Amino acid sequence: LEDSAYTLDQTKASIVQKLGKVIKIYDQTDKNIAFFLSEITRLGIELSLSRLVLEKAASLCKQIVEKKLGKGRSIRELCAAAVYAACRQCGCMRTLDEIAKYSKMNKKVISHHYRILLKELNCPLPPANLSRHVPRFLNQLAVEGRTAEIVYKILEATEELRFKSGKNPVGIVSAAIYVASKLAGEKITQREISDMTSVTETSIRSRCRDLEKHLSFLITL
C-alpha cells in the first residue's frame, strides 16, 4: 500500500510539473493557479484523463485567471467546468454526471459554470457525437445483435434531424437503448439503464417520448 501511495504521489507530481509548463506562473503569489493545477490533477487521475485533456483544461484555467472570471465565483466549480469543457473539446467520453461525481459538486452548478466558460472564453466545441457514448454502455448492459443495430439507427436519425440540440446526449442514448430493447423484444428496464448511465428514469421516459414524436420510422423497425 505504501508503494502504491508513493507511485500515486509521483504521478500527481509529474502531471503538475507538466501542466505548470502550460500555465506560466508570472505572479508567484497567485494561489489560484496552484489550486487549479492541483484540482485538475486530482480530477484527471480520478477520471483517467489523458495528458492532452489535462493540458487543455490547464489552458482554459489560464484564460480564466487572465480574464479574472474567478472573481465572486467558486474556483473548484470553474475548475470542474474547465475539465468538462476540455473533455468535450478533445472528444473524450466523460459525462457531466461523471464530472459531478468525482468533483463532488452539483451537476447543475457545474453546467452553469460551463456555460459561462463557453460565453466568456468563446470555446469552440465540436458537435456531440452520440455514437461515441454507445459502445461502453452496450457492453456494460451486455446488449448486442438486433438491439444494438436499432440503437445505432435511432441515433443516426437523431443526428440527421438535429433533434438532439439542447438535450443531454447521454439521456438520448439511454432512451435509444430502452426503445431499441423494446423493439427487439429484449428485456432491459429503465432502472438498469438509469443505474448504468446516471440518467434519471424520468429523463429517460421524457427522451423516449421525444424519440417517438420525432422519429415516426420507429414503428417500422
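Residues numbered from 1 in each chain as written. Predicted model: local features only at pLDDT ≥ 70, side-chain atom pairs only at ≥ 80, totals over all residues. Heavy atoms only, no water.

A.B. asks: Please explain the confidence of the model for the protein as it appears in this structure.
C.D. replies: Detailed reading of the predicted coordinates is not advisable wherever pLDDT is low. Of the residues in the protein, 76% have a pLDDT of 70 or more, and the chain-wide mean is 79. Confidence scores differ between elements of the protein, with helix α1 (residues 2–22) showing the lowest mean pLDDT of 55 and helix α10 (residues 190–197) the highest of 90. (pLDDT = per-residue confidence, 0-100. Helix = DSSP H or I, 4+ residues; strand = E, 2+ residues; numbered from the N terminus.)

A.B. asks: Can you walk me through the packing of helix α9 (residues 169–183) against α10 in this structure?
C.D. replies: Helix-helix packing: each pair is described by the crossing angle between the helix axes and the interaxial distance. At a closest axis distance of 10 Å, the pairing of α9 and α10 adopts a crossing angle of 150°. Judged by the angle between their axes, α9 and α10 are roughly antiparallel. Handedness of the α9/α10 crossing: right-handed. Contact residues: Val170, Ser174, Ile177 and Tyr178 in α9; Gln190, Ile193 and Thr197 in α10. Of the residues assigned to the contact of α9 with α10, the class counts are 4 nonpolar, 3 polar and no charged. (Axes fitted to C-alpha atoms, helices over the stretch in contact; angles between N-to-C directions. Parallel < 35°, antiparallel > 145°, perpendicular 65-115°, else oblique. Left-handed = near helix turned anticlockwise from the far one by under 90°. Contact = heavy atoms within 4.5 Å. Nonpolar A, V, L, I, M, F, W, Y, C, P; charged D, E, K, R; others polar.)

A.B. asks: Is there a simple way to explain the packing of aromatic side chains in this structure?
C.D. replies: The geometry of an aromatic ring pair comes down to the distance between the two centres and the angle between the two planes. Counted according to the given criterion, the structure contains 1 aromatic pair. Ring centres of Tyr84 and Tyr114 lie 4.8 Å apart, and the angle between their planes is 70°; on these two criteria the pair is classed as edge-to-face. Remark: Tyr114 occurs in helix α6 (residues 107–121) and Tyr84 occurs in helix α4 (residues 75–89); sequence separation between them is 30 residues. In this structure, Tyr84 and Tyr114 share a single accessibility class: buried. (Phe/Tyr/Trp six-rings, centres within 6.5 Å; stacked < 30°, edge-to-face > 60°. Buried < 20%, exposed > 50% of the residue type's maximum accessible area, 1.4 Å probe, protein only.)

A.B. asks: In this structure, what is going on with the nonpolar core? I would like to understand it.
C.D. replies: Taken as a class, soluble globular proteins show a tendency for nonpolar side chains to be buried jointly. Core analysis: the biggest nonpolar cluster contains 33 residues, and Ile40, Ile64, Val83, Ile110 and Leu117 have the highest contact counts within it. Elements with a contribution of two residues or more to this core: α2 (31–47), α3 (51–66), α4, α5 (96–103) and α6. The dominant element in this core, judged by the number of residues it contributes, is α4, at 11 residues. Those residues within four positions of Ile110 in sequence are excluded, and the remaining contacts are Ala80, Ala81, Leu96, Ile99, Ala100, Ser103 and Met105. (Core = buried A, V, L, I, M, F, W, Y, C linked by side-chain atoms within 4.5 Å.)

A.B. asks: Looking at this structure, how should I read the environment of Ile177?
C.D. replies: Following the sequence through the fold, Ile177 ends up in helix α9. In this structure Ile177 comes out as buried when scored by relative accessible area, which is 0%. Taking the C-alpha atoms as reference, Ile177 lies 7.5 Å from Thr147; in sequence the two are 30 residues apart.

A.B. asks: How do you make sense of α4 when you look at a structure like this?
C.D. replies: Counting along an α-helix, one turn takes 3.6 residues, and residues three or four places apart therefore face a common direction. Across its 15 residues, α4 extends 21 Å between first and last C-alpha, which sits within 8% of the 21 Å expected from 1.5 Å per residue. Most of α4 is tucked away: 12 of the 15 residues are buried. By the burial criterion, the buried members of α4 are Ile75, Leu78, Cys79, Ala80, Ala81, Ala82, Val83, Tyr84, Ala85, Ala86, Cys87 and Gln89. Backbone geometry just downstream of α4 places Gly91 in the positive-phi region, at approximately 70°. (Expected span 1.5 Å × (residues − 1).)

A.B. asks: Explain unusual backbone geometry here, please?
C.D. replies: The bulk of non-glycine residues show a negative phi, and the bulk of peptide bonds are trans. Although it is not a glycine, Ser48 adopts a positive phi angle of roughly 55°. Tracing the backbone shows Ser48 in the loop between α2 and α3. Here Lys68, not a glycine, exhibits a phi torsion of approximately 55°, which is positive. By the secondary structure assignment, Lys68 is in the loop between α3 and α4.

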